[in-house]
Amino acid sequence: APGNPRLRVLRWVETQRALFVDGRLSPGQLRYLTFLGLTWVLSDKVVDADDAQWLSKWKSLKAHIGSADEQDRRLSFEMQDWITQQRAMCYLNMLDGPRKSKLSSLGIDLTVMAAEPVWNTRLSELFAHTQELGHAEVSMEDRPELYAWLERCVLEYREDRLSPTKAAQLKCLGVKLQT
């Protein structure tokens, strides 16, 4: 097909997003898009938040960061998602200066968009493994690094430390996260 490959990909992604908004993607399509890491992080609730709503979330984050000791700095998935949405809004120039300043004052790096090379590498290895063998069971003898990574993921899931997006990606490949 003629045309710029980047524009074709952009058109495809925008089509998928429109289908998602219209509720016209099948569960299988949603799982595949999740596996690819394509999730639309900007919710209307966050984008349209007035100053009082935004400030309430920021104060909750500030209180958690201020009161938590080093052992308990882990944020809820809801708060992690909120921060991700703030980063996305910043990237799209939709986050105003005062909000940027308040987030920066808490040590939130707004330039970081979740690039996780180890996760992406291991997930790609697991995908290749499932394509080759037809299952997601990994042997410690054959693939020790992948096995160790997968064991950590399962443990994090059981301890409620694995994000829902990552859990969905693993489930799409057939990983059994439940005991």
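Located above this text is the structure these notes cover.
Throughout, residues of each chain are indexed from 1 in the direction in which the sequence is written. Whole-chain, interface and lining totals are the exception, using all residues; otherwise, since this is a predicted model, local features are given only for residues with pLDDT of at least 70 and side-chain atom pairs are given and counted only at 80 or more. Only hydrogens and water are set aside when side-chain values are computed; all heavy atoms of the structure are taken into account.

Caption draft 1: The arrangement of the side chain of threonine 130 in detail. Secondary structure elements follow DSSP: runs of H or I no shorter than four residues count as helices, runs of E no shorter than two count as strands, and numbering proceeds from the N terminus. Relative to the assigned elements, threonine 130 resides in helix H7 (residues 117-133). Engagement of the side chain of threonine 130 in a polar contact is seen with the backbone oxygen of phenylalanine 127, the distance being 2.8 Å. Distance and chemistry together define a polar contact, namely a pair of N or O atoms within 3.5 Å, with one atom able to donate a hydrogen and the other to accept it when in protein, and with adjacent residues in sequence counting only for side-chain atoms on both sides.

Caption draft 2: The pattern of salt bridges, seen in detail. A pair is scored as a salt bridge if a Lys or Arg side-chain nitrogen falls within 4 Å of a carboxyl oxygen belonging to Asp or Glu. Taken as a whole and assessed by the stated rule, the structure comprises five salt bridges. Among the salt bridges present, the one from arginine 122 reaches glutamate 145, with a minimum N-O distance of 3.0 Å. With arginine 122 in helix H7 and glutamate 145 in helix H8 (residues 144-158), the pair connects residues that are 23 residues apart, well separated along the chain. Note that arginine 161 is salt-bridged to glutamate 159, the shortest N-O span being 2.7 Å.

Caption draft 3: Representation of the environment of glycine 107 within the structure. With respect to the element layout, glycine 107 can be found in the loop between helix H6 (97-105) and H7. For glycine 107 and isoleucine 65, which are 42 residues apart along the polypeptide, the C-alpha to C-alpha distance reads 9.6 Å.

Caption draft 4: The arrangement of a nonpolar patch on the surface in detail. A grouping of Trp12, Tyr32 and Leu36 is seen on the molecular surface, where their side chains present a nonpolar patch of about 310 Å² in accessible area. Following the sequence through the fold, leucine 36 ends up in the loop between helix H2 (27-35) and helix H3 (44-47). When accessible area is computed with a 1.4 Å probe and restricted to protein chains, residues below 20% of their type maximum are described as buried, those above 50% as exposed, and intermediate ones as partly exposed. Judged by relative accessible area, leucine 36 falls into the partly exposed class, the value being 40%. Only residues whose relative accessible area exceeds 30% and that form no salt bridge are eligible for patches; like-charged ones are grouped when within 9 Å, while nonpolar side chains (Val, Leu, Ile, Met, Phe, Trp, Tyr) are grouped when within 5 Å. The method behind every accessible area is Shrake-Rupley, applied with a 1.4 Å probe, and residues are considered shielded solely by the protein chains displayed.

Caption draft 5: Geometry of the packing of helix H4 (residues 51-67) against H6. Packing of H4 against H6 brings their axes to within 11 Å, and their N-to-C directions diverge by 10 degrees. When the axis of H4 is compared with that of H6, the two are roughly parallel. Across the interface between the two elements, Asp51, Trp54, Leu55, Trp58 and Leu61 of H4 pack against Arg99, Lys102, Leu103 and Ser105 of H6. Residue composition of the contact of H4 with H6, by class: five nonpolar, one polar and three charged. As a rule, the C-alpha atoms of each element are fitted with a line to give its axis, helices using only the stretch in contact, and angles between N-to-C directions run from 0 to 180 degrees. Roughly parallel means an angle under 35 degrees; roughly antiparallel, over 145; roughly perpendicular, 65 to 115; everything else is oblique. Contact between two residues is taken to exist if any of their heavy atoms lie within 4.5 Å; hydrogens are not considered. Residues were grouped as follows: Ala, Val, Leu, Ile, Met, Phe, Trp, Tyr, Cys and Pro as nonpolar; Asp, Glu, Lys and Arg as charged; and all remaining residues, including Gly, as polar.

Any link to function would need more than the numbers given here.
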